[in-house]
Amino acid sequence: MLLQLVSDEEAAGRASEVMALVKDHLEADDPRRVRLARRLRSIISGEISPSDRDLMVRALDAAYNALDDELARVRSLRNILWTATFLVLLGVAGLAVYGWFFPQSLSMCFTPKVDPGSAGGIDVVCPTAEHPDEEVGTPASSLAQPRDILTVEIAGLAGAALTVIASLRHIRGTDAPYMLPLASAVLKFPTGALSAFLGLLLIRGAFVPGLSDLDSRAQVLGWAAAFGAAQHLVTRLVDDRAQMTLSEVGRSTEATTDPERTAVKESPSAGEPGTPGSPDGFRDGVGPREPAPATERDGEPTPDGAPAHRRSGA
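What you see is a predicted model; the values in this text were computed from it and never measured.

### A closer look at the pairing of strand S2 (residues 130-135)
Phase 1 of the analysis: In terms of strand pairing, strand S1 (residues 121-125) meets S2 through 4 bridges, oriented antiparallel. If you follow Gly121 over to S2, its bridge partner there is Glu135.

### Regarding helix H9 (residues 217-230)
Phase 1 of the analysis: Taking 1.5 Å of rise per residue, the 14 residues of H9 would be expected to cover 20 Å, and the 20 Å separating its terminal C-alpha atoms lies within 8% of that figure.
Phase 2 of the analysis: Looking only at H9, the buried set comprises Val220, Ala224 and Gly228. One side of H9 carries all its buried residues, which in axial view fall inside an arc of 75°.
Phase 3 of the analysis: On its buried side, H9 packs onto S1, helix H6 (148-167) and helix H8 (188-204).

### As for the packing of aromatic side chains
Phase 1 of the analysis: Tallied over the entire structure, the rule returns 2 aromatic pairs.
Phase 2 of the analysis: Taking the centre distance of 5.8 Å and the plane angle of 35° together, the rings of Trp223 and Phe227 count as tilted. Of this pair, Trp223 and Phe227 both sit in helix H9, 4 residues apart, which is roughly one turn of the helix.

### Digging into the layout of surface pockets
Regions of empty space are outlined by a rolling probe, equal in size to a water molecule, passed over the atoms.
Phase 1 of the analysis: Quantified by volume, the largest pocket comes out at close to 250 Å³.
Phase 2 of the analysis: Put simply, the parts of the chain that give the lining of the largest pocket at least two residues each are helix H1 (2-5), helix H3 (15-25) and helix H5 (50-101).
Phase 3 of the analysis: Here the lining of the largest pocket gets 4 residues from one element, more than from any other, and that element is H5.
Phase 4 of the analysis: Residues belonging to the lining of the largest pocket are distributed by class as follows: 8 nonpolar, no polar and 3 charged.

### Observations regarding the state of the cysteines
Phase 1 of the analysis: What the rule picks out here adds up to 1 disulfide.
Phase 2 of the analysis: Between the sulfur of Cys109 and that of Cys126 lies a disulfide, 1.9 Å long from S to S. As the torsion about the S-S bond is roughly 110°, the Cys109-Cys126 disulfide counts as right-handed. Highlighted residues: Cys109 in the loop between H5 and S1 and Cys126 in the loop between S1 and S2, separated in sequence by 17 residues.
Phase 3 of the analysis: Given the relative accessible area of 2%, Cys109 is considered buried.
Phase 4 of the analysis: On the accessibility criterion, Cys126 (0% relative accessible area) is buried.

### Some points on the packing of H3 against helix H4 (residues 31-44)
Phase 1 of the analysis: Packing of H3 against H4 brings their axes to within 10 Å, and their N-to-C directions diverge by 160°. The pairing of H3 with H4 is recorded here as roughly antiparallel in orientation. In the packing of H3 onto H4, the handedness of the crossing is left-handed. Residues Ala15, Ser16, Val18, Met19, Val22 and Lys23 of H3 form the contact with H4, whose participating residues are Arg33, Leu36, Ala37, Leu40, Ile43 and Ile44.
Phase 2 of the analysis: For the contact of H3 with H4, the class distribution of residues is 9 nonpolar, 1 polar and 2 charged.

### Brief notes about the nonpolar core
Phase 1 of the analysis: In this structure, Leu3, Val18, Val22, Leu36, Ile43 and Met56 are the most contacted members of the largest nonpolar core, which totals 21 residues.
Phase 2 of the analysis: At the level of elements, H3, H4 and H5 are the ones that each hand at least two residues to this core.
Phase 3 of the analysis: For this core, the element with the highest residue contribution is H5, accounting for 8 residues.
Phase 4 of the analysis: Not counting chain neighbours up to four residues away, the residues in contact with Met56 comprise Leu3, Ala11, Arg14, Ala15, Val18, Leu36, Ile43 and Ile48.
Phase 5 of the analysis: In this structure, Val125, Ala155, Ile203 and Ala224 belong to the second largest nonpolar core, which totals 15 residues.

Basis of the calculations
- Residues numbered from 1 in each chain as written.
- Predicted model: local features only at pLDDT ≥ 70, side-chain atom pairs only at ≥ 80, totals over all residues.
- Heavy atoms only, no water.
- Pairing = 2+ DSSP bridges.
- Helix = DSSP H or I, 4+ residues; strand = E, 2+ residues; numbered from the N terminus.
- Expected span 1.5 Å × (residues − 1).
- Buried < 20%, exposed > 50% of the residue type's maximum accessible area, 1.4 Å probe, protein only.
- Arc of directions from axis to C-beta.
- Contact = heavy atoms within 4.5 Å.
- Phe/Tyr/Trp six-rings, centres within 6.5 Å; stacked < 30°, edge-to-face > 60°.
- 1 Å grid on protein atoms, 1.4 Å probe; cavity = no way out; pocket = protein on both sides within 12 Å on 5 of 7 lines; lining within 4 Å.
- Points joined across faces, edges and corners; volume = space filled by probe spheres on them.
- Nonpolar A, V, L, I, M, F, W, Y, C, P; charged D, E, K, R; others polar.
- Disulfide = S-S within 2.5 Å.
- Axes fitted to C-alpha atoms, helices over the stretch in contact; angles between N-to-C directions.
- Parallel < 35°, antiparallel > 145°, perpendicular 65-115°, else oblique.
- Left-handed = near helix turned anticlockwise from the far one by under 90°.
- Core = buried A, V, L, I, M, F, W, Y, C linked by side-chain atoms within 4.5 Å.

Below you can see the structure in the form of structure tokens.
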């Protein structure tokens, strides 16, 4: 609206600012960007027409709309990450509560060895305690404690914290109004707790060959921390997507797939065909006209095939 009200001199002075915003947010082959680039030199020099002013208004409005769309994508991804964090955290808390009241159902205890010559016979290793020399035939799940699953999840949180600290070196500051990197980092914590629980559950079920029996409580917690750090294999994809979304704000994407669209180029440099100062320059943004064939003049070929403009000059 201000561009429609200001004087021609002020509008010409704002032309470069408008062109910078247009280049940041519109495609390289957008018709408004292309035509404004072709008319920019004339506008800056003071040769501004009502159609040029209308072109600047429409191009600036399109640039701001594109910026709004870019920020909307950032906001949408931020909301998705916070929602996912809440849901995963709810699941982790639910597992801890269930394990507190029913520890035998989700037992994290292991029987690393059976010694028939001993008095007790077996050892049982849990995340919160070790039970040596238990009677042969004692179910390991019967010795599970209410704090076992909570302890495993805390170890997974510790492993996830290490990956968050390591990933900070790849996080760049952003001028976007939404804290997308923070949402991506917070998601790692409940995911680490969940992956620690699932990893130990797979080991206890002999899903991983050779890791069916853990020998000590320290090994149980160590594997829980390792599985908590392993969540980075999944959340790394989320980090890459967040950085890609942030990089798209303020940077237009060049069209490279459609040959007809990529054929449209911006204004060439001064002295080349199509610039306002060149002999065949175009002031209306339509484009340069195709020159007549060199061997034709007024629709008739020249007798010796010489260029028409040279013969007319003779």
